[in-house]
Amino acid sequence: MADIKLTRVEKTYPGASEPSVKGVDLQINDGEFVVLVGPSGCGKSTLLRMIAGLETISSGEIAIAGRVVNDMEPMDRNIAMVFQNYALYPHMSVRQNLSYGLKNRKMPKAEINRRVDDAASILQIGALLDRKPRALSGGQRQRVAMGRAIVREPSVFLFDEPLSNLDAKLRVSMRGEIRQLQKRLGTTSVYVTHDQMEAMTLADKLVVLNAGRVEQVGTPLELFHQPQTVFVAGFIGSPGMNLWDGDVRQGNLVIDGVEVARGVRAPDGPVVAGLRPEALSLQTGGDGQFILSYVEELGSTRLVHGHFNGQPVSAQMTPDQPLDQVMRMVFDSADLHLFDAATGARVNSAPAIDAASTPETV
Amino acid sequence: MVENRPLLTFLSHLVLILGVISVALPVWLALVASTHPSSAFVSGRVPLWFGPDGLSSYIKMMDQGASTSGTPPIGQMMFNSLVMALIITVGKIVISMLSAFAICYFRFPFRVLAFWAIFITLMLPVEVRIVPTFEVVANLGMLNSYAGLSIPLIASATATFLFRQVFLTLPDELTEAARIDGAGPMKFFWDHALPLSRTNIAALAVILFIYGWNQYLWPLIVTTDESYYTIVMGIKRMASVVDDAPRWNDIMAVVVMAMMPPVLVVVAMQKLFVKGLVETEK
Amino acid sequence: MQTKKTIFRSRALPYLLLAPQLAITVVFFLWPAGQAIWQSFLRQDAFGFSTQFVGLENYIALFHDPSYLNSFKVTAVFSISVAGLSMGLGLLFAVCVDRIIKANRAYSTLLIWPYAVAPAVAGVLWWFMFNPTIGILSYALRQMGYNWNHATHPDDAMILVVLAASWKQISYNFLFFVAGLQAIPQSLREAAAIDGAGPVKRFFTVVFPLLSPTTFFLLVINVTYTMFETFAVIDASTSGGPAQATNILVYKVYQDGFVGLNLGSSAAQSVILMAIVIVLTVIQFRYIERRVEY
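Predicted model, so just to flag it, every value in this text is computed and none were measured. (Residues numbered from 1 in each chain as written. Chains lettered and ligands numbered in written order. Predicted model: local features only at pLDDT ≥ 70, side-chain atom pairs only at ≥ 80, totals over all residues. Heavy atoms only, no water.)

Colleague: Outline the packing of helix α1 (residues 6-33) of chain B against helix α4 (residues 104-112) of chain C, listing residues and values.
Modeller: Two elements in contact, α1(B) and α4(C), have axes whose closest approach is 9 Å; the angle formed by their N-to-C orientations is 30 degrees. With respect to their mutual orientation, α1(B) and α4(C) come out roughly parallel. Judged by the sense of rotation from one axis to the other, the crossing of α1(B) with α4(C) is left-handed. For the pair formed by α1(B) and α4(C), the contact residues are H13(B), L16(B), I17(B), G19(B), V20(B) and V23(B) on the first element and Y107(C), L110(C) and L111(C) on the second. For the contact of α1(B) with α4(C), the residue count by class is 7 nonpolar, 2 polar and no charged. (Axes fitted to C-alpha atoms, helices over the stretch in contact; angles between N-to-C directions. Helix = DSSP H or I, 4+ residues; strand = E, 2+ residues; numbered from the N terminus. Parallel < 35°, antiparallel > 145°, perpendicular 65-115°, else oblique. Left-handed = near helix turned anticlockwise from the far one by under 90°. Contact = heavy atoms within 4.5 Å. Nonpolar A, V, L, I, M, F, W, Y, C, P; charged D, E, K, R; others polar.)

What follows is the structure, encoded as structure tokens:
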């Protein structure tokens, strides 16, 4: 068991003008499940591979269990990694795949067999031990890849988008299994994904990365309810948050000349105003500023898309609510997230869960 | 085939059958000639069907050889050819795999220079540098030896490129997984790179065996001691000497024995042969 | 140049791995090639007692030597004939096999084995068939009123070596044309059929143009083959004769160097041949690079 500490970690690839990872500080506690999430190219995989020892560190320091590992070979870091394409050894049987790393560490045969059998029963792949990887389905390969990590009993698990090659249904069930497994083993885990849903459901602690920098670190709910930057606001949550350009003038939020909310707690100036679709409801009545474009039926809810003064708007509603071509937008101004238009940093204090209700109608 | 045209299909079969026959004709005649007594050729026309002697020419040549032309028994020459072909095959595969591995999996000073030095061997077939290469081999005292017959031929750009291609298609994650599992470079080579190139190695071996067995000019110039003659070069010596009193049956028996091993390899391993041929030309 | 993204770190190991290949390359390839270039500027007397630097004289002498210029001509005729004949037949057989669904594997097997026959053996086999006294083909020709003798008729000798060299090479061209034909999507032929093109028209307007990369590639390979690897065919059948009629460039290098012991001239010829291989190799690789981009 181990914690991981990253101190001002930077990575610049040879020939690149800009670093891919820029001064990342991060503390990962023992037993924690940390998910690194961000769009492609944000540096999340590079960061993971630096922890693994597969990439050199340009500057800064990585310590695992208090030991600085910058110059340590991957095999000496006591980590195990699950790869996106599984990276199973195609010429070895499942049993050989699982035991390879243990043999290389000169572990006694009996101990190897015990660990392989344990891992196989945990992952329910006992019947597959003599097969070659090409005779396995995607889900089974995924399990074997996990098994290869488990048998090592490492102090850290590293996952590099391990579910992205699976179909949607399998992905959801494997997600659950990974979560349970990690809870059961209690092994510190770092997990990379670009899928924010996956990130939200798995993480104890979520790290949102953008362009090589950490945007925000927190629990999934903290990030959802109190995004500290406009990037996090837009990235976390599905359906995505509405983001409108506007201005704050003497405590009022003005969008395209229309005053949409009063009493917001933010200094004057141009802002990006965010509002979750589930915090917005639409009322019929023949007037209002919302013009309907189209409706997405999701079964238990429906997503209503339209625009307001030319800016796109989505609202999540129940299917029994009536719709019209023109509707009024109703929301609580406490649900508004305001961000500085220039820096993207949050400017209003986060809405408290039980904040006084100040309904707005536009 | 898009539509069914019986006439065209028939024509295709006809062309192919004619092709197969004419391709086989020279070898057929050789086989037939080898089963006749030498007196059968005096009439001035080659027989078209097997004669009464059966395998006797083969047996005779196998253990005596053509004493008039000073060649050793064919068995000895076949053995020499086999040794040369095998050293060339194994040697080329080993040194090419190692250099391709170095070029793919390491970054080091002069890497590109090494690559080009190997590449250049493509442009220097033995035929164009025959005299100076002979001198080098002679100065190294390698004339009339298995080393002299094979080692100068085992540098190979083609095989190096082939293995480089194979290694480039191995996924990076595989190497990373192996590194995390504690494999250093040579362990990775032995445990993963080698087993994963097995079919490529086999295909290449088929091509190289044929190449090695069929060498002609090189053995011709580096062997003067008849105990190192290879069978393919030995044929010429035999044929040119016996021209006065041609023992055609014996010559053709030797010809058949000289081509049998590589032809059998191709027929038995057709799939690997085709794979090898296509891959080495890329 | 491409490497793997994941690499190993070691200072000495890569050099160790490269050492055998590089040692052989330097000792048996680069050094002799350098020697050939150096010797091409020297002249030795007949007994090898004295050597003298003569600059480009060997080259100049070569290009004034009718027998060398003749060798160029012979090589050109030989190359073009072998490439044309073996590629034409290879393509014909490939097209036929491509049409046939049943038994095409059997046909392939029966057509490809000559690849494995040594060029020297091919030379002996055809020499035997055309032998003026007992050869079956010369007998047949005599019956038709043609008195074949490749030992005295230059044209007969050329035909003999062309046939022997082509016979061995058909299998190679056949295999690559079959692969080329298989790479043409069936849907294209079907589209052409729907557009009303019959099998023959389809071949010339759709299939053959799409085969042109294969054809070009094979052309280069065949020229290289005829220029260098056919040494054994010539040596085992005509030995360059009669009257230099089949004395191709690579055979002349050997004859002048080993038999005639004219080292300077032989070296100069080697250098010219090297230049030709370099050009051919560059063309071949240019072509492959282009093919990779598709």
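Now, onward.
Colleague: Outline unusual backbone geometry, listing residues and values.
Modeller: Where the residue is not glycine, phi is negative for most of them; where a peptide bond is considered, it is trans in most cases. Residues and elements named next belong to chain A. The omega torsion across S238 and P239 is 0 degrees, close enough to zero to call that bond cis. In this structure, P239 sits in the loop between α8 (230-235) and β11 (242-249). Located in the positive-phi region is R8, a residue other than glycine, with phi close to 45 degrees. Phi is positive for Y86, close to 75 degrees, though the residue is something other than glycine. Relative to the elements of secondary structure, Y86 occurs in the loop between β6 (79-82) and α2 (94-104).

Colleague: Break down the pattern of salt bridges for me, with residues and values.
Modeller: With the rule as written, the count across this model stands at 27 salt bridges over all chains. Ionic pairing is found between E57(C) and R43(C), a salt bridge with its closest N-O pair at 2.5 Å. Here E57(C) is found in helix α2 (residues 57-64), whereas its partner R43(C) is found in strand β1 (residues 42-44), with 14 residues between them in sequence. Because the salt bridges share partners, they merge into one network encompassing E111(A), R114(A), R115(A), D118(A) and E153(A). (Salt bridge = Lys/Arg side-chain N within 4 Å of Asp/Glu carboxyl O.)

Colleague: Account for the nonpolar core, with residues named and values stated.
Modeller: The biggest cluster of nonpolar side chains holds 148 residues, and the ones touching the most others in it are I231(B) and F273(B). Broken down by element, the residue count for this core peaks at 15 residues, all from helix α7 (residues 154-182) of chain C. Among the domains, domain 1 (13-53) and domain 2 (59-289) of chain C are the pair contributing at least three residues each to this core. Not counting residues within four places of it along the chain, the set of residues in contact with I231(B) comprises I74(B), M77(B), M78(B), S81(B), W213(B), V254(B), M257(B) and A258(B). Residues V21(A), A159(B), L168(B) and I201(B) belong to the second largest nonpolar core, which totals 75 residues. (Core = buried A, V, L, I, M, F, W, Y, C linked by side-chain atoms within 4.5 Å. Buried < 20%, exposed > 50% of the residue type's maximum accessible area, 1.4 Å probe, protein only. Domains from an automatic or database assignment.)

Colleague: Can you tell me about the interface of chain B and chain C, naming the residues and giving the values?
Modeller: Often, the extent of an interface is quoted as the loss of accessible area upon association of its parts. In this assembly, 116 residues from chain B lie in contact with 101 residues from chain C. For the pair chain B and chain C, the summed buried area comes to about 10000 Å², and 75% of that belongs to carbon and sulfur atoms. Linking chain B with chain C are 0 salt bridges, by the criterion used here. In this assembly, chain B and chain C are joined by 14 residue pairs in polar contact (both at pLDDT 80 or more). In the side of chain B that touches chain C, the residues fall into 82 nonpolar, 17 polar and 17 charged. (Buried area = accessible area lost by both parts, 1.4 Å probe. Polar contact = N/O pair within 3.5 Å; in protein donor to acceptor, adjacent residues only side chain to side chain.)

Colleague: So what about the domain arrangement of chain C? Which residues, and what values?
Modeller: Residue and element names in this part refer to chain C. If you check the domain split of chain C, you get domain 1 (13-53) and domain 2 (59-289). Taken over C-alpha atoms, the centre of domain 1 sits 31 Å from the centre of domain 2. Taken together, the contact pairs 8 residues of domain 1 with 8 residues of domain 2. When the two sides are added together, the surface that domain 1 and domain 2 hide from each other amounts to roughly 600 Å², 71% of it contributed by carbon and sulfur. On the surface where domain 1 and domain 2 come into contact, there are 1 residue pair in polar contact (both at pLDDT 80 or more). Elements represented by at least two residues in the side of domain 1 that touches domain 2 include exactly α1 (13-39) and β1. At 4 residues, the largest contribution of residues to the side of domain 1 that touches domain 2 is made by α1. Per-class residue counts for the side of domain 1 that touches domain 2 are 5 nonpolar, 3 polar and no charged.

Colleague: Explain the confidence of the model for chain C residue by residue, including any values.
Modeller: Residues and elements named next belong to chain C. Across chain C, the average pLDDT comes to 86, with 95% of residues at 70 or higher. Element-level mean pLDDT values for chain C span from 79 in helix α13 (residues 263-293) up to 93 in helix α3 (residues 66-99). For this predicted complex, the interface score ipTM comes out at 0.88, alongside a pTM of 0.85. (pLDDT = per-residue confidence, 0-100.)

Colleague: Let's hear about the pairing of strand β14 (residues 269-275) of chain A: which residues, and what values?
Modeller: Residues and elements named next belong to chain A. In terms of burial, β14 is a largely internal element, 6 of the 7 residues being buried. As judged from the 7 bridges shared by β11 and β14, these two strands associate in the antiparallel manner. Residue pairing for β14: G246 is matched across the bridge by V271. Summarising the sheet, β14 and strand β20 (residues 337-340) pair through 4 bridges and their orientation is antiparallel. Counted as the bridge partner of G274 is H337 from β20. (Pairing = 2+ DSSP bridges.)

Colleague: Tell me what's going on with the packing of aromatic side chains, and back it up with residues and numbers.
Modeller: Using the criterion set out here, one finds 47 aromatic pairs over all chains in the structure. Ring geometry for F134(B) against F258(C): centres 5.2 Å apart, planes inclined by 75 degrees, an arrangement best described as edge-to-face. Remark: F258(C) occurs in helix α12 (residues 249-259) and F134(B) occurs in helix α5 (residues 130-139); the pair is interchain, linking two chains. According to the relative accessible area criterion, F134(B) is partly exposed, its value standing at 21%. Given a relative accessible area of 24%, F258(C) falls into the partly exposed group. The structure contains a cluster of three or more aromatic residues connected by ring pairs, namely F101(B), Y105(B), F106(B), F163(B), F167(B), F188(B), F189(B) and F8(C). Sitting above the plane of the F224(A) ring, R276(A) keeps its charged end 3.9 Å from the centroid. Above the plane of the ring of F29(C) lies R129(B), whose end atom (NZ or CZ) is 3.9 Å from the centre. (Phe/Tyr/Trp six-rings, centres within 6.5 Å; stacked < 30°, edge-to-face > 60°. Lys NZ or Arg CZ within 6 Å of the ring centre and 35° of its normal.)

Colleague: Account for helix α10 (residues 198-213) of chain B, naming residues and giving values.
Modeller: For α10(B), with 16 residues, the first-to-last C-alpha span of 22 Å sits near the 22 Å given by 1.5 Å per residue. Within α10(B), burial applies to N200(B), I201(B), A203(B), L204(B), V206(B), I207(B), L208(B), F209(B), I210(B), G212(B) and W213(B). (Expected span 1.5 Å × (residues − 1).)

Colleague: Account for the sheet that holds strand β2 (residues 21-28) of chain A, naming residues and giving values.
Modeller: Residues and elements named next belong to chain A. Strand order across the open sheet formed by 4 strands is β2-β1-β4-β5, with antiparallel pairing between neighbours. Here the strands that pair on one side only, and so sit at the sheet edges, are β2 and β5 (67-68). Relative to β2, strand β1 (residues 4-11) is paired through 5 bridges, and the arrangement is antiparallel. Following the sheet pairing, V9 is matched in β2 by V24. The sheet strands contacting helix α1 (residues 44-52) are β1, β2 and β4 (59-64), and the helix crosses β1 at an angle near 120 degrees.

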